[in-house]
Amino acid sequence: MEPGGGDLVRFGQGRAAQVLPTRLLLLPLLLGRGLRVVAAASSSGAAAEDSSAMEELATEKEAEESHRQDSVSLLTFILLLTLTILTIWLFKHRRVRFLHETGLAMIYGLIVGVILRYGTPATSGHDKSLSCTQEDRAFSTLLVNVSGKFFEYTLKGEISPGKINSVEQNDMLRKVTFDPEVFFNILLPPIIFHAGYSLKKRHFFRNLGSILAYAFLGTAVSCFIIGNLMYGVVKLMKMVGQLTDKFYYTDCLFFGAIISATDPVTVLAIFNELHADVDLYALLFGESVLNDAVAIVLSSSIVAYQPAGLNTHAFDAAAFFKSVGIFLGIFSGSFTMGAVTGVVTALVTKFTKLHCFPLLETALFFLMSWSTFLLAEACGFTGVVAVLFCGITQAHYTYNNLSVESRGRTKQLFEVLHFLAENFIFSYMGLALFTFQKHVFSPIFIIGAFVAIFLGRAAHIYPLSFFLNLGRRHKIGWNFQHMMMFSGLRGAMAFALAIRDTASYARQMMFTTTLLIVFFTVWIVGGGTTPMLSWLNIRVGVDPDQDPPPNNDSFQVLQGNQEPLREEDSDFILTEGDLTLTYGDSTVTANGSSGSHTASMSLEGSRRTKSSSEEVLERDLGMGDQKVSSWGTRLVFPLEDNA
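Fair warning: this is a prediction, and the values are worked out from it, not measured in the lab.

Conventions and cut-offs
Residues numbered from 1 in each chain as written. Predicted model: local features only at pLDDT ≥ 70, side-chain atom pairs only at ≥ 80, totals over all residues. Heavy atoms only, no water. Helix = DSSP H or I, 4+ residues; strand = E, 2+ residues; numbered from the N terminus. Buried < 20%, exposed > 50% of the residue type's maximum accessible area, 1.4 Å probe, protein only. Areas by Shrake-Rupley, 256 points an atom, 1.4 Å probe, with all protein chains shown as cover. Expected span 1.5 Å × (residues − 1). Bend = angle between axes of the 7 residues up to and from the residue. Contact = heavy atoms within 4.5 Å. Lys, Arg positive; Asp, Glu negative; His and termini not counted. Salt bridge = Lys/Arg side-chain N within 4 Å of Asp/Glu carboxyl O. Axes fitted to C-alpha atoms, helices over the stretch in contact; angles between N-to-C directions. Parallel < 35°, antiparallel > 145°, perpendicular 65-115°, else oblique. Nonpolar A, V, L, I, M, F, W, Y, C, P; charged D, E, K, R; others polar. 1 Å grid on protein atoms, 1.4 Å probe; cavity = no way out; pocket = protein on both sides within 12 Å on 5 of 7 lines; lining within 4 Å. Points joined across faces, edges and corners; volume = space filled by probe spheres on them. Phe/Tyr/Trp six-rings, centres within 6.5 Å; stacked < 30°, edge-to-face > 60°. Lys NZ or Arg CZ within 6 Å of the ring centre and 35° of its normal. Pairing = 2+ DSSP bridges. Polar contact = N/O pair within 3.5 Å; in protein donor to acceptor, adjacent residues only side chain to side chain. Left-handed = near helix turned anticlockwise from the far one by under 90°. pLDDT = per-residue confidence, 0-100.

> Teacher, can you tell me more about the overall build of the chain here?
A count of helical and extended segments in the chain gives 19 helices and 15 strands. For the chain, the proportion of its 643 residues judged to be buried stands at 49%. Accessible surface, the chain: about 31400 Å² in total, of which carbon and sulfur atoms supply 61%.

As structure tokens, this is what we get:
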């Protein structure tokens, strides 16, 4: 220790604890052989009572200021979400589809990040560096003795020697930089659970074999292709002198694993709005849901790869098969835990009378579902896999045991949580581009990553589709394959995996590149979804409860800027078969056959050209002398558009 700097005392080996409000800011740094501590310590005067009172007052003021900054940072994100929601409403009202809500959230996050980065003054400083060269590693928690008073500090991460003087001086920027565990333990569970709970089981299980092939084999192929291509890029960077620190082959494979997690949220939202082909929707949705789980387990297995001997990054067959065993063990254990939790919840709701108390029933359902994630993480498994299969099990079994009120509540609850959490993450992505302090921008690595993910996606989709078509009754057409290739967006899962560990130079470069890839795919690829549907002649306006017909004659195909069925027309759509509409005291039935272009109205089994019931119906709908026309297999009552 430097003279007068106080003593450093090691305190525990566990996880980082909460930082106590003090006058010091301590960052343990691993430099050379020992541990260096950056701190600012106030001069210790005489131990008089008035000095002690002044110090307590200063500490209280700092605590109040910290609380105020915490409130401002949370308020910033709430205002971002509020602005995003209002803009989403405007876009939906104007039928704008070139930019999804997640892209909007990222844009607003970028704007706020620029303001915080360049528009707020520095509010803190570091006066002096304290060195401790007797230790050979960093500790998670330290006790510092300053003039007889002990202060507790936690490890924030390593800082390279060249960046010691550029440690962030702005307290506000530090406040808006969240702990990565917040994303995993709070924001990811509702997103993943909602994906499983809202699964359309019929179409999912009808395409289950293809979905599993894309999710498991496809993700593994994509991971290794991207990893090997990026290793070549790293070698190129080393040759041209653009690599300033270590970047191993296992780091490249890890990047391949995290960037293989697709999240076509923009594409799927447009598919859902336009009622695109149900098989294509099921393939894309199922792959994106399962490959998130595969990617996180695969990345954990790569991290666990530890060859014997001095070279810990060389290939070792024993270590490789051990990693494969870890992958299978973690995935199967997480799957079992999620399914068991779902079955237990189903049994509890079935053999108790909780349905008499819908509030308690909903609360229990929510807690059991969320606890699945935390239980799996606590047991060393993967919470993402567990909560996904818990959601699927809950939808298949528990949902049928719930009361009518609880069914609606649970659907809406997780839908709202999913919406808020997802948009919060995308807002934070935009913010992190300017507020994150460990960015490593490498043009060669970034360009190489874009090329690698394109080739990895192509090697993933086309060969697997060829082999799958050999055994499928409904073939995956070339237009479907091109759309799946186009829809390989990256999103929340890739970002969460990248930000979870940014301690080393290689991980910081991966995080920066992942952030830019998410920006590009959400804005550019997501915005081109509607034109791509038109160009590939993919069916829209498909009833999700109908089986696909042998041809596309009964469905609409977007041509150019053709406007599909509007949302406000949906209340006047009659699906195939006999339906009954009641307006006041009048009841009218409509019967239309598939592919027909005329409609007949019948009342009490008799056909009348102009009955009193039809007159009432026309008067209530404001139709006048307009005709009743059919569109595809559904009847549409067209209205005048006064907008």
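> Looking at this model, I keep getting lost on helix α11 (residues 358-378). Mind explaining?
Structurally, the α-helix is built with 3.6 residues per turn, so residues lying three or four positions apart point the same way. For α11, built from 21 residues, the straight-helix expectation of 30 Å at 1.5 Å per residue is met to within 8% by its first-to-last C-alpha distance of 30 Å. Taken as a whole, α11 carries its principal kink of about 25 degrees at T372. Of all the residues in α11, the buried ones are P358, E361, T362, F365, S369, T372, F373 and A376. Contacts from the buried residues of α11 go to α4 (180-197), α10 (317-351), α12 (383-401) and α13 (404-435). Looking one or two residues past α11, G380 carries a phi angle of roughly 90 degrees, positive in sign.

> Can you walk me through the side chain of E422 in this structure?
Looking at the secondary structure, you find E422 in helix α13. Nearest to the buried, unbridged E422 among oppositely charged side chains is K92, at 11 Å. Beyond its immediate stretch of four places on either side in the chain, E422 contacts T102, I191, D263 and V265.

> Hey, could you run me through the packing of helix α7 (residues 249-259) against helix α9 (residues 278-303) in this one?
Helix packing for two helices is described by the angle between their axes and how far apart those axes are. Between α7 and α9, the shortest axis-to-axis distance is 8 Å and the interhelical angle comes to 170 degrees. Between α7 and α9, the angle is such that the two are roughly antiparallel. Facing α7, whose interface residues are T250, L253, F254, A257 and I258, α9 presents A295, L298, S299, I302 and V303. Of the residues assigned to the contact of α7 with α9, the class counts are eight nonpolar, two polar and no charged.

> Which parts of the structure should I look at to understand the environment of F357?
Locating F357 in the fold gives a position in the loop between α10 and α11. Look at F357 and you get partly exposed, because its relative accessible area is 49%. Taking the C-alpha atoms as reference points, F357 and E405, 48 residues apart in sequence, are found 9.5 Å from one another.

> I tried to follow empty space enclosed by the protein on my own but got confused; where do I start?
Which parts of space are left empty comes out when a probe the size of a water molecule is rolled across the atoms. Overall, the coordinates contain one cavity of 30 Å³ or more when judged by the stated rule. A volume near 40 Å³ is recorded for the largest cavity. Surrounding the largest cavity, G218, T219, S222, S260, T262, E287, N291, R457, H460 and R490 form its lining. Elements that contribute at least two residues to the lining of the largest cavity include exactly α6 (208-239), α9 and α14 (443-469). Sorting elements by how many residues they give to the lining of the largest cavity places α6 first, with three residues. Looking at the lining of the largest cavity residue by residue, the class counts come to no nonpolar, seven polar and three charged.

> Is there a simple way to think about the packing of aromatic side chains in this case?
Aromatic rings considered in pairs are described by the distance between their centres and by the relative angle of their planes. All told, the structure shown has 31 aromatic pairs when counted by the stated rule. Ring geometry for F204 and F205: centres 5.2 Å apart, planes at 85 degrees, overall edge-to-face. Residue classification places F205 among the partly exposed residues on the basis of a relative accessible area of 42%. Stacked on the ring of Y399, the Lys or Arg R407 has its end atom at 5.3 Å from the ring centre. The ring centre of Y197 lies 4.7 Å from the NZ or CZ of K411, which sits over that ring.

> Can you walk me through the pairing of strand β6 (residues 149-154) in this structure?
Remember that side chains alternate between the two faces of the sheet whenever the strand is regular. Sheet topology places strand β5 (residues 141-146) next to β6; six bridges connect them, and they run antiparallel. Each residue of the ladder has a partner; that of N145, found in β6, is F150. Between the end of β5 and the start of β6, which pair antiparallel, lie two residues, with S147 showing a positive phi angle near 55 degrees.

> Can you help me understand the side chain of T372 in this one?
Structurally, T372 can be placed in helix α11. Classification of T372 as buried rests on a relative accessible area of 1%. A polar contact of 2.9 Å, which involves the side chain of T372, links it to the backbone oxygen of M368. Setting aside chain neighbours within four positions, we find T372 in contact with M337, G338, T341, A386, V387 and C390.

> How should unusual backbone geometry be read in this particular structure?
Outside of glycine, negative phi angles account for most residues, and trans bonds account for most peptide bonds. Unusually for a residue other than glycine, N537 sits at a positive phi of about 55 degrees. Following the sequence through the fold, N537 ends up in the loop between α18 (529-535) and β7 (539-540).

> In this structure, what is going on with helix α2 (residues 101-119)? I would like to understand it.
Over its 19 residues, α2 runs 26 Å from end to end, which matches the ideal 27 Å to within 8%, given 1.5 Å per residue. Residues of α2 that are buried: E101, T102, G103, L104, A105, M106, Y108, G109, L110, V112, G113 and L116.

> Would you mind going over the pattern of salt bridges with me for this structure?
Pairing between side chains of opposite charge can happen when the charged atoms of each approach one another. Under the defined criterion, the tally for this structure stands at seven salt bridges. Note that R68 and E65 form a salt bridge whose closest N and O atoms lie 2.6 Å from each other. Taken as a pair, R68 and E65 lie in helix α1 (residues 49-93) at a separation of three residues, close to a single helical turn. You can call E65 partly exposed: its relative accessible area is 33%. The closest approach of N and O atoms between E377 and R500, which form a salt bridge, is 3.9 Å. Of the two residues, E377 is situated in helix α11 and R500 in the loop between α16 (492-499) and α17 (505-527); the sequence distance between them amounts to 123 residues. For R500, a relative accessible area of 34% gives the class partly exposed.

> Sorry if this is basic, but what is going on with the packing of α11 against α12 here?
Where α11 contacts α12, the two axes come as close as 8 Å, and the packing angle between them is 155 degrees. In terms of their interaxial angle, α11 and α12 are classed as roughly antiparallel. Considering the relative orientation of α11 and α12, their crossing is right-handed. Contact residues: E361, F365, S369, T372, F373, A376 and E377 in α11; G383, V384, A386, V387, C390, Q394, T398 and N401 in α12. Grouping the amino acids of the contact of α11 with α12 by side-chain chemistry returns seven nonpolar, six polar and two charged.

> How do you make sense of the environment of I258 when you look at a structure like this?
Positionally, I258 belongs in helix α7. With relative accessibility at 0%, the residue I258 sits in the buried group. Measuring from C-alpha to C-alpha, the distance between I258 and D292 comes to 8.7 Å, with 34 residues separating the pair along the chain. Setting aside residues up to four positions removed in sequence, I258 forms contacts with S299, A494, L497, A498 and T514.

> Just checking my understanding: could you explain the confidence of the model for the chain for this structure?
As a general rule, the predicted coordinates of low-pLDDT regions are not to be interpreted in detail. Per-chain confidence: the chain averages 77 in pLDDT, with 70% of residues scoring 70 or above. Mean pLDDT across the elements of the chain bottoms out in strand β2 (residues 27-31) (36) and peaks in α14 (95). Contacts for the low-pLDDT stretch residues 1-46, under 50 throughout, to residues beyond four places or in other chains number 135 contacts. Confidence over residues 564-614 falls short of pLDDT 50; this stretch has 90 contacts with residues more than four positions distant or in other chains.

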